[in-house]
2 protein chains.
Amino acid sequence: MQTELSRQLGIEHAVFGFTPFPAVAAALTRAGGFGVLGAVRYTSPDELKRDLDWMEAHTDGLPYGLDVVMPAKKVEGVTEADVEAMIPEAHREYARDTLAKHGVPEMPEGEEGGWRITGWMENVARTQLDVAFDYPIKLLANALGSPPPDVVARAHDLGIPVAALAGSARHAQRHKEAGIDIVVAQGYEAGGHTGEIATMVLTPEVVRAVDPLPVLAAGGIGSGEQLAAALALGAQGGWLGSVWLTTREAEMHSRALTRKLLAAGSGDTVRSRALTGKPARQLRTEWTDAWDDPEGPGTLPMPLQGLLVAEANSRIQRWEVEPLLGTPVGQIVGAMNSERAVQEVFDDLTRGFERAVARLRGVAGGG
Amino acid sequence: MQTELSRQLGIEHAVFGFTPFPAVAAALTRAGGFGVLGAVRYTSPDELKRDLDWMEAHTDGLPYGLDVVMPAKKVEGVTEADVEAMIPEAHREYARDTLAKHGVPEMPEGEEGGWRITGWMENVARTQLDVAFDYPIKLLANALGSPPPDVVARAHDLGIPVAALAGSARHAQRHKEAGIDIVVAQGYEAGGHTGEIATMVLTPEVVRAVDPLPVLAAGGIGSGEQLAAALALGAQGGWLGSVWLTTREAEMHSRALTRKLLAAGSGDTVRSRALTGKPARQLRTEWTDAWDDPEGPGTLPMPLQGLLVAEANSRIQRWEVEPLLGTPVGQIVGAMNSERAVQEVFDDLTRGFERAVARLRGVAGGG
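Residues numbered from 1 in each chain as written. Chains lettered and ligands numbered in written order. Predicted model: local features only at pLDDT ≥ 70, side-chain atom pairs only at ≥ 80, totals over all residues. Heavy atoms only, no water.

## Digging into the relation of the copies chain B and chain A
Two chain copies, one operation linking them: a rotation about an axis together with a shift along it.
Phase 1: For the match of chain B to chain A, the screw axis carries a shift of 0.0 Å, the RMSD comes to 0.0 Å, and the turn is 180 degrees. In the structure described here, the two chain copies are related by an operation that fits a two-fold rotation axis. Proximity to the rotation axis, assessed at the C-alpha, singles out B:Ala229 in chain B; its C-alpha lies 1.9 Å from the axis.
Phase 2: Both copies contact each other with a shared surface, as 100% of the interface residues of chain B are interface residues in chain A too. (Least-squares fit on C-alpha atoms with pLDDT ≥ 70 in both. Contact = heavy atoms within 4.5 Å.)

Right, here's the structure in full:
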C-alpha cells in the first residue's frame, strides 16, 4: 500500500509504528513499514546510543525514525529538583496513602525504578537529539507540540523530515507555520495524550487545515479495515502505537500487564490526567480512579504530576500490583486478544487493507 | 453505492438519514437514500398522521422509515405528572435562576412550548406506532435500546425490519438476541445519546458481535470520505443525522440556532446529561455548562431531567436566547458551514464516496 508519502520515504507500506521497544521498531521497518522508536523512556544518552546501534544492526539499511517529547517553550534553568519542590505535600501524601491501601512495597534496596518520564524535559530531549543526529534517522517526530525552531532547522539541514502530533485543526495549523513536514492527527480514541475530537472527524479537518502537507492518522487503528478507513479520510498513512504492545517483540515491564492488555475491552480505557497532568488515554485502573476521584486532591499540571507519580509507577510495576497496573493504550485494546509476532500483525494489516478496498470497490461499482 | 442491505431495502445508495423533519426525510428518500423520520417530537397522533400523509404524497412510493424512542422496560401506570412530582425543588430553582440570570422571559400567554420530549414515554410511543403501522413504512428504528418484544413481533408480522442503536458491542449483542434486524453502531462523536467508544473502534466491534446482521455506522459521518471510512470498517451503510440540520429543508426552531450550527467548530459540542439525563452530544452552551458545573446541583436521571428542562428549552428557543440556545449535534458540526439543499448534500456524499474509493484503489494497487 503506497501513498505519496510512503514513496517519498522509500517504504513499501504506509504503516508507521510508534513504539518504545527497539525490537518492535526494527521488525516494523524490516516488514516494509516505518518503525519509530520512542525516546522518552531513556534516562541517559548511552542507553539511547546502545539501542540506536542495535537498530542500525537490525534494519538492513531500511528507514526508521525517532520520537521525542519536547516542549516548544524553553524554561530556562529549571531543574528536576525545582519541579519536585513545587509538588504540594497533600498530593504526596495521597500517593503514599493510595499505595499503602493496596499494600505496595517500597523498591528493593539498590534497585532503581524503571519508570522515569524525564525525557520531556527540554535539556534531556536535547541530549537525546545530540545522540540521534549522529545516526541516519529518516524521521524526527515530536509528541508535544512543534519542536523548537532551531531543532527543526537542524533536522532539515540533515535532510530529516519532522513530524508533530496534533489533536485539533488549529494545533495542526500551528505545526505547519512552524515548518513541520508531516502532521500526525491524534484522535480521541488514541492511546497517550489526546484531545476530544475522534479520528473520523479530526483526520479530514487536519488534512484540510495543513494542505498540502501529508497527514498520518492516529487513534483507533489496529486492523487493515481501520487503516483503510484512515486512508479514506485523506490520511497518507496510519500511525499505530497500541497494537504493538502485545506483540512478542514488545519488552513489557511485566507479564501481568500484558495479560491485562490481552483481557481488556474497548471500554476499559480512560482519558485521564493521572499519568502526566495532561489528558492521556490509558488503561483504567484503581490508580487512575484515585486521581480522577472528585473526593481526592485531583491531578497537578504537567510536568508536576509526572514527577509526583514516577516512583509510585515504578513500585506498582516492580511488584505487579494488578489493580493499579496500567499503561497508555488506545480503545483498540479491545481487539488486542493474542500475542503475535510483529510480522504477523503487519501482514494482517496489509491483507485486511486489501480486503477492505476490494469490498469498497464492490460497493462503489454497485456489484 | 450498493450494499447487501441497500439492495434488500430497494434503495439506490446505502445512506440512511435520520431527521425530525418530514421535508428532509422525503428529500432523502427521493434522492435515492433512506429517509427516517424521528417521531419523538410529536405530542399527538394527529400531528404524526398529518406528517406521514405528507411523506406518502412526497416520496413517489420509495421506501422510508420511522424512528421512535421507546424504553424496553415498561413502567406500569406512571404518568407524566408522577414523574414531575419526583423532581427536587432545588433543581427547579436552579433552572429558574439560570434562566433569570440570562433574562429569559416567560412564554407568551396562550402560546404552547414547542419543546416536549414526551415521545420517550412508552404509552406515547405506542400511540405513535398505532398510527405508523397504518402506513407502508419500510423500517422501524428505536433510539433507546431494543423495542419491547410485542412491538418487534408486530413489525415483523407486517414485514417491517427493526433497527436499534447501540453504543457498545454488548449492547448490540442484546439487540441481536431480541430479534432486531439491523444494528446502528452509534459512536462517541455522534449527536444525541452516545457512549464512549469512537466510531473507528465501535463499528468493527459491533459488526463482529452481531454477525451476520447488517450494521449501519453512525457518528462522524458528514462527507463521502467519512462514508467510505464507515464502509471500510464493515458497515453496510451510514446513518447520518447531524448533517441535515443545516439543509434548506430543515425546519429549525430559530434562525439563531441555524447560525450557531453554521459557525460551530468540531470542538464546540459536549457529551452532557443536561438534555435528558443520559449522556447526549449537543452544542455546548451556557445552559449545558450550568448543568455540568460541579458547583451546581447536577443533572437528574432520565426521564426526570428531560421533564425538568422542557419548559426552559421552550422559552430559550422561543426568545432565541443565544448563549443558552443548543441542539443535539455531532462533532461533524465543524464541517457544516453552508445552508444547502438535501439533494446537494446527498450528491456530495455519493461523489465524495466514489472519489475516496478511487484514491484507495490507487493506494492498494501501488499506483
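## Notes on the sheet that holds strand 7 (residues 192-193) of chain A
Residues and elements named next belong to chain A.
Phase 1: Spatially, three strands are ordered 7-11-10 in an open sheet, and the strand pairing comes out antiparallel. Unpaired on one side and paired on the other, strand 7 and strand 10 (269-272) mark the two borders of the sheet.
Phase 2: Summarising the sheet, strand 10 and strand 11 (residues 280-283) pair through four bridges and their orientation is antiparallel. Its bridge partner being in strand 11, Val270 is matched across the sheet by Gln282. (Pairing = 2+ DSSP bridges. Helix = DSSP H or I, 4+ residues; strand = E, 2+ residues; numbered from the N terminus.)

## With respect to unusual backbone geometry
All names here are of chain A.
Phase 1: In this structure, Pro212 follows Asp211 across a cis peptide bond, with omega equal to 10 degrees.
Phase 2: Looking at the element boundaries, Pro212 is found in the loop between helix 9 (199-210) and strand 8 (215-218).
Phase 3: In this model, Asp60 sits at a positive phi of 50 degrees, which is unusual for a non-glycine residue.
Phase 4: With respect to the helices, strands and loops of the structure, Asp60 is situated in the loop between helix 3 (45-57) and strand 3 (64-68).
Phase 5: In this structure, Glu320 is a non-glycine residue whose phi angle is positive, near 50 degrees.
Phase 6: Secondary-structure assignment places Glu320 in the loop between helix 13 (304-318) and helix 14 (342-364).

## Here's the deal with helix 2 (residues 22-30) of chain B
Residue and element names in this part refer to chain B.
Phase 1: By the criterion of burial, helix 2 is predominantly enclosed, with eight of the nine residues buried.
Phase 2: Buried within helix 2 we find Pro22, Ala23, Val24, Ala25, Ala26, Ala27, Leu28 and Thr29.
Phase 3: Among the structural elements, strand 1 (15-19), strand 2 (34-38), helix 3 (45-57), strand 3 (64-68) and helix 14 (342-365) are those in contact with the buried residues of helix 2.
Phase 4: A positive backbone phi angle near 105 degrees is found at Gly32, which sits one or two residues after helix 2. (Buried < 20%, exposed > 50% of the residue type's maximum accessible area, 1.4 Å probe, protein only.)

## A word on the packing of helix 14 of chain A against helix 14 of chain B
When two helices pack together, you describe them by how their axes are tilted relative to each other and by the distance separating the axes.
Phase 1: In contact at an axis separation of 10 Å, helix 14 of chain A and helix 14 of chain B are set at 140 degrees when each is read in the N-to-C sense. Of the two possible hands of crossing, helix 14 of chain A and helix 14 of chain B adopt the one that is left-handed. When helix 14 of chain A is examined against helix 14 of chain B, the residues A:Phe353, A:Glu354, A:Val357, A:Leu360, A:Arg361, A:Val363 and A:Ala364 are found in contact with a partner set consisting of B:Phe353, B:Glu354, B:Val357, B:Leu360, B:Arg361, B:Val363 and B:Ala364.
Phase 2: Within the contact of helix 14 of chain A with helix 14 of chain B, the residues separate by chemical class into ten nonpolar, no polar and four charged. (Axes fitted to C-alpha atoms, helices over the stretch in contact; angles between N-to-C directions. Left-handed = near helix turned anticlockwise from the far one by under 90°. Nonpolar A, V, L, I, M, F, W, Y, C, P; charged D, E, K, R; others polar.)

## Here's the deal with the packing of aromatic side chains
For any pair of aromatic rings, the description consists of the separation of the ring centres together with the inter-plane angle of the planes.
Phase 1: What the rule picks out here adds up to nine aromatic pairs over all chains.
Phase 2: Arranged with centres 3.6 Å apart and planes meeting at 0 degrees, the rings of A:Tyr188 and B:Tyr188 form a pair that is stacked. Separated into two different chains, A:Tyr188 in the loop between strand 6 (182-186) and strand 7 and B:Tyr188 in the loop between strand 6 (182-186) and strand 7 (192-193) make up a pair that spans both.
Phase 3: Pairwise contacts between aromatic rings join A:Tyr94, A:Trp287 and A:Trp291 into one cluster.
Phase 4: The ring of A:Trp319 carries A:Arg318 above its face, with NZ or CZ at 4.5 Å from the centroid. (Phe/Tyr/Trp six-rings, centres within 6.5 Å; stacked < 30°, edge-to-face > 60°. Lys NZ or Arg CZ within 6 Å of the ring centre and 35° of its normal.)

## What about helix 13 (residues 304-318) of chain B?
Phase 1: The terminal C-alpha atoms of helix 13 of chain B lie 22 Å apart, and with 15 residues this matches the ideal 21 Å at 1.5 Å per residue to within 8%.
Phase 2: The positive-phi residue at the C-terminal boundary of helix 13 of chain B is B:Glu320, with phi of around 45 degrees. (Expected span 1.5 Å × (residues − 1).)

## Structural notes on the pairing of strand 6 of chain B
All names here are of chain B.
Phase 1: In terms of burial, strand 6 is largely enclosed, as five of its five residues are buried.
Phase 2: The alternating pattern of strand 6 places Ile182, Val184 and Gln186 on one face and Val183 and Ala185 on the opposite face, and all of these are buried.
Phase 3: Here four bridges tie strand 5 (residues 162-166) to strand 6, and the two strands are oriented parallel to one another. Within strand 6, the position partnered with Ala163 by the bridge is Ile182.

## What about the side chain of A:Glu205?
Phase 1: Mapped onto the elements of the fold, A:Glu205 is located in helix 9.
Phase 2: The buried charged residue A:Glu205 lacks any salt bridge, with A:Arg208 as its nearest oppositely charged partner at 5.4 Å.
Phase 3: Beyond its immediate chain neighbours, meaning those up to four positions away, A:Glu205 contacts A:Ala169, B:Ser266 and B:Gly334. (Lys, Arg positive; Asp, Glu negative; His and termini not counted. Salt bridge = Lys/Arg side-chain N within 4 Å of Asp/Glu carboxyl O.)

## Some remarks on the interface of chain B and chain A
Phase 1: Chain B puts 45 residues into the contact, and the matching count from chain A is 45 residues.
Phase 2: When the two sides are added together, the surface that chain B and chain A hide from each other amounts to roughly 3,300 Å², 63% of it contributed by carbon and sulfur.
Phase 3: Contact with chain A buries area across many residues of chain B, yet B:Met200, B:Leu360 and B:Val363 alone supply 20% of it, more than any other trio.
Phase 4: Run the count over chain B and chain A and you get zero salt bridges. (Buried area = accessible area lost by both parts, 1.4 Å probe.)

## Focus on the nonpolar core
Phase 1: Ranked by internal contacts, the top residues of the largest apolar core, which has 152 residues, are A:Trp244, A:Phe353 and B:Trp244.
Phase 2: Two domains each put at least three residues into this core: domain 1 (1-69 + 117-251) and domain 2 (80-114 + 255-336) of chain B.
Phase 3: Not counting chain neighbours up to four residues away, the residues in contact with B:Trp244 comprise B:Val15, B:Gly17, B:Phe18, B:Val24, B:Leu28, B:Ala250, B:Val342, B:Val345, B:Phe346 and B:Leu349. (Core = buried A, V, L, I, M, F, W, Y, C linked by side-chain atoms within 4.5 Å. Domains from an automatic or database assignment.)

## Some thoughts on the packing of helix 10 (residues 224-232) of chain A against helix 10 (residues 224-232) of chain B
Phase 1: In contact at an axis separation of 8 Å, helix 10 of chain A and helix 10 of chain B are set at 175 degrees when each is read in the N-to-C sense. What the angle tells us is that helix 10 of chain A and helix 10 of chain B run roughly antiparallel. Here helix 10 of chain A contributes A:Glu225, A:Ala228, A:Ala229 and A:Ala232 to the contact with helix 10 of chain B, which in turn contributes B:Glu225, B:Ala228, B:Ala229 and B:Ala232.
Phase 2: Grouping the amino acids of the contact of helix 10 of chain A with helix 10 of chain B by side-chain chemistry returns six nonpolar, no polar and two charged. (Parallel < 35°, antiparallel > 145°, perpendicular 65-115°, else oblique.)

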